[in-house]
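Coordinates in review
These are the residues of each chain, in order.
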Amino acid sequence: MCINVKSEIAPLKKVLLHRPGKELENLTPDTLERLLFDDIPFLQVAQEEHDEFAKVLRENNVEVVYLEDLVAEVLNQSDEIRDQFVRQWIEEAGIATGKYQQKIFDFMMRYKDDNKALVLKTMEGIVLHELNYDKNDSLVDLMSTSSKLVIDPMPNLYFTRDPFATIGCGVSLNKMYSVTRNRETIYGEYIFKYHPDYKGQVDKYFDRYNPFHIEGGDILNINDKVLAIGISQRTEADAIEMLAKTVFHDQKSTIRTILAFEIPNTRAFMHLDTVFTQIDYDKFTVHPGILGPLVVYEIKPGKKDGEILVTTIESELETLLAKYLGLEKVTLIKCGGEDRIAAEREQWNDGSNTLCIAPGVIITYQRNTVTNELLRENGLKVIEIPSAELSRGRGGPRCMSMPLVREDIA
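Residues numbered from 1 in each chain as written. Predicted model: local features only at pLDDT ≥ 70, side-chain atom pairs only at ≥ 80, totals over all residues. Heavy atoms only, no water.

1. Details of the sheet that holds strand 5 (residues 164–167)
Note the cut-off: Between any two strands, at least two bridges found by DSSP are needed for them to pair. Helix and strand assignments follow DSSP, with helices taken as H or I runs no shorter than four residues and strands as E runs no shorter than two, numbered in order from the N terminus. Interaxial angle, 0 to 180 degrees, is taken between N-to-C directions of lines fitted to C-alpha atoms, where a helix line uses only the stretch in contact. We call two residues in contact whenever any of their non-hydrogen atoms come within 4.5 Å of each other.
Here we have three strands laid out as an open sheet, ordered 5-6-7, and mixed in their pairing. A strand with exactly one partner marks an edge of an open sheet, and here the two such strands are strand 5 and strand 7 (203–206). Each neighbouring strand pair of the sheet contributes to a mean axis angle of 30°, computed without reference to strand direction. Bridge count between strand 6 (residues 170–173) and strand 7: three bridges; the pairing is parallel. Looking at the pairing, glycine 170 lines up with aspartate 203 of strand 7. Across the sheet, helix 9 (residues 237–249) touches strand 5, strand 6 and strand 7, and the angle it forms with strand 7 is around 150°.

Given below as structure tokens:
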């Protein structure tokens, strides 16, 4: 199957990444807040760290494919698809005037003989001085500096977990929380609509044109029957309800329960996967800040198509996870252990955001030394990757990876 992800821990066979590119070099102190960054990564080092991440995955028998390559392969199919993509990208970037829509389209056609370069340029953004413009024929241009961003970059793209999410044999093509990130989902739209490996083969459980936002970092495949979704800063309850109705209605889906976790609406608890991730059959990493009674909503199919049944559950996380995994107990390994300062520091650097590539085998950021040692003490095989620059984007190894194929749990 071209998409098969029914757990968080089964051996990972194929994964989608995006190697950080020049979009990071179009970040400035003035645009950080708008573009959802806290700092400006050093691109060369970020790329070296990301290459090490990809190398570790390949060394563990995981096929790595890149977002930019898949989209380029789509555009290589025809000039018509390429031109449609460019015009849609221009419109979604907020370019409203016919004059500038045509000017930018003509500029992008410089790359028409190299579609990968074209795709990378759409990710990088466009600065005014790159265009052939005459200040005297536009009041806006006359008032603008040559360094003005005409089209914003997409610096968050190396977090491939969020624009779409794999659920069983289907996908949720997401509507993102911010305008900046919502443009990222255009790549997924074209991959699943036109790429020969996916066209007509993947059921879509959510669409980027829906009115409510949801992001992939909030979606965890507990097993082939249970899905966990965070109600967070970036995922709305309305979106979860829409997705639930579609998933339950789809004949290929085996999901019969969705657990909606209400988590704090803060930057540090951005997504459910920054709060906890599964790392073995019976083990999870967890941020101590959410331990205690949780409010979780159990969603099940109703008697009629399109109906759902929702029940409120107040339970300890440990008890809840054990129940839905069919286990007597699970072990929660606290990010930072019992040290509150270490917990807060390592949570900020995504100590709970691990990528499980096989049961008990996880990739983590090297910098989270306290948490990594605790994981080893609990019998996990921990593979560390460097992260001095990658971590500045506030996302860990799970955030940076979108599994496309996992083996089924035995």
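2. As for the sheet that holds strand 16 (residues 355–358)
The three strands lie next to each other as 16-17-18, forming an open sheet whose pairing is mixed. The two strands at the open ends of the sheet, each matched to only one other strand, are strand 16 and strand 18 (381–385). With direction set aside, neighbouring strand axes in the sheet form an average angle of 30°. The sheet contact formed by strand 17 (residues 361–365) and strand 18 spans five bridges and is parallel.

3. Digging into the packing of helix 11 (residues 340–348) against helix 12 (residues 369–377)
To keep it simple, the criterion reads: Roughly parallel means an angle under 35 degrees; roughly antiparallel, over 145; roughly perpendicular, 65 to 115; everything else is oblique. When residues are sorted by character, Ala, Val, Leu, Ile, Met, Phe, Trp, Tyr, Cys and Pro go into the nonpolar class, Asp, Glu, Lys and Arg into the charged class, and all the rest, Gly among them, into the polar class.
As a packed pair, helix 11 and helix 12 sit with axes 8 Å apart at the nearest point and diverge in direction by 100°. Here helix 11 lies roughly perpendicular to helix 12, going by the angle between them. Of helix 12, the residues touching helix 11 (which contributes Ala342, Arg345 and Glu346) are Thr369, Val370 and Thr371. Each residue belonging to the contact of helix 11 with helix 12 can be placed in one class, and the counts come to two nonpolar, two polar and two charged.

4. What to know about the pattern of salt bridges
Where charged atoms from two side chains of opposite charge come close, those side chains can pair. To keep it simple, the criterion reads: Salt bridges are counted wherever a side-chain nitrogen of Lys or Arg sits within 4 Å of a carboxyl oxygen of Asp or Glu. Three exposure classes are used, based on accessible area relative to the maximum for each residue type with a 1.4 Å probe and protein chains only: buried under 20%, partly exposed in between, and exposed over 50%.
Applying the stated criterion across every chain yields a total of 28 salt bridges. In this structure, aspartate 280 engages lysine 283 in a salt bridge whose closest nitrogen and oxygen atoms are separated by 3.9 Å. Taken as a pair, aspartate 280 and lysine 283 share a single burial class, namely buried. Between glutamate 389 and arginine 392 there is a salt bridge, with its nearest N and O atoms 2.8 Å apart. Its relative accessible area of 10% is what places glutamate 389 among the buried residues. Taking the relative accessible area as the measure of exposure, arginine 392 reaches 28% and is therefore partly exposed. A cluster of three or more residues bridged by salt bridges with shared partners is formed by Glu8, Asp273 and Arg398.

5. Some remarks on helix 5 (residues 115–124)
Most of helix 5 is tucked away, with seven of its 10 residues classed as buried. If you check which residues of helix 5 are buried, you get Asn115, Leu118, Val119, Lys121, Thr122, Met123 and Glu124. For helix 5, the elements touching its buried residues are helix 2 (67–75), helix 3 (79–92), helix 4 (98–108), strand 3 (126–127) and helix 8 (185–194). Looking one or two places after helix 5, you find glycine 125, whose phi comes out positive at around 90°.

6. A short note on the side chain of glutamate 184
Rules: Polar contacts here mean pairs of N or O atoms no more than 3.5 Å apart (in protein, one a potential hydrogen donor and the other a potential acceptor; neighbouring residues in sequence count only if both atoms are side-chain atoms).
Mapped onto the secondary structure, glutamate 184 falls in the loop between helix 7 (179–182) and helix 8. Take glutamate 184: its relative accessible area is 2%, and that puts it in the buried class. Side-chain polar atoms of glutamate 184 contact the side chain of arginine 181, separated by 2.8 Å. Excluding residues that lie within four positions of it along the chain, glutamate 184 makes contacts with Met154, Asn156, Leu157, Pro163 and Met176.

7. Brief notes about the domain arrangement of the protein
The criterion, for reference: Note that domain bounds follow an automatic or database assignment of domains. Computed with a 1.4 Å rolling probe, the buried area is the accessible surface lost when two parts are put together, summed over both parts.
Per the domain assignment, the segments making up the protein are domain 1 (12–69 + 155–406) and domain 2 (70–151). The distance between the C-alpha centroids of domain 1 and domain 2 comes to 31 Å. Listed as interface residues are 25 residues of domain 1 and, on the opposing side, 23 residues of domain 2. Between domain 1 and domain 2 the total buried area reaches about 2,200 Å² when both faces are included, carbon and sulfur atoms providing 60% of it. Together, Asp69, Tyr187 and Tyr190 form the three largest contributors to the area buried by domain 1 at its contact with domain 2, with a combined 28%. Counting across the domain 1 and domain 2 interface gives two salt bridges.

8. A few points about the UniProt feature "active site" (unreviewed entry) in the protein
To keep things clear, this is the line we draw: UniProt positions are given in the numbering used here, feature names are shortened, and annotations may be inferred rather than shown by experiment.
Under the local residue numbering, the UniProt record ascribes the feature "active site" (unreviewed entry) to Cys399. Following the sequence through the fold, cysteine 399 ends up in the loop between strand 18 and strand 19 (402–406). Setting aside residues no more than four positions away along its own chain, cysteine 399 makes contact with Tyr158, Phe159, Thr160, Arg161, Asp273 and Asn353.

9. Details of helix 10 (residues 317–325)
The periodicity of an α-helix, 3.6 residues per turn, causes residues three or four positions apart to be oriented the same way. The complete set of buried residues in helix 10 reads Leu317, Leu320, Leu321, Ala322, Tyr324 and Leu325. Once helix 10 finishes, glycine 326 follows within two positions and takes phi at roughly 70°, a positive value.

10. Re the nonpolar core
To keep it simple, the criterion reads: Residues enter a nonpolar core if they are buried and are Ala, Val, Leu, Ile, Met, Phe, Trp, Tyr or Cys, with the set joined through side-chain atoms within 4.5 Å.
In terms of nonpolar packing, the biggest core is built from 66 residues, with Phe85, Trp89, Ile104, Tyr187, Tyr198, Leu243 and Ile258 touching the most fellow members. Each of domain 1 (12–69 + 155–406) and domain 2 (70–151) gives at least three residues to this core. Not counting residues up to four positions away in its chain, the partners in contact with tyrosine 187 are Leu67, Val71, Phe85, Val119, Thr122, Met123, Met154 and Leu157. The next biggest cluster of nonpolar side chains, apart from the first, holds 30 residues, and it includes Leu12, Leu17, Leu32 and Ile383.

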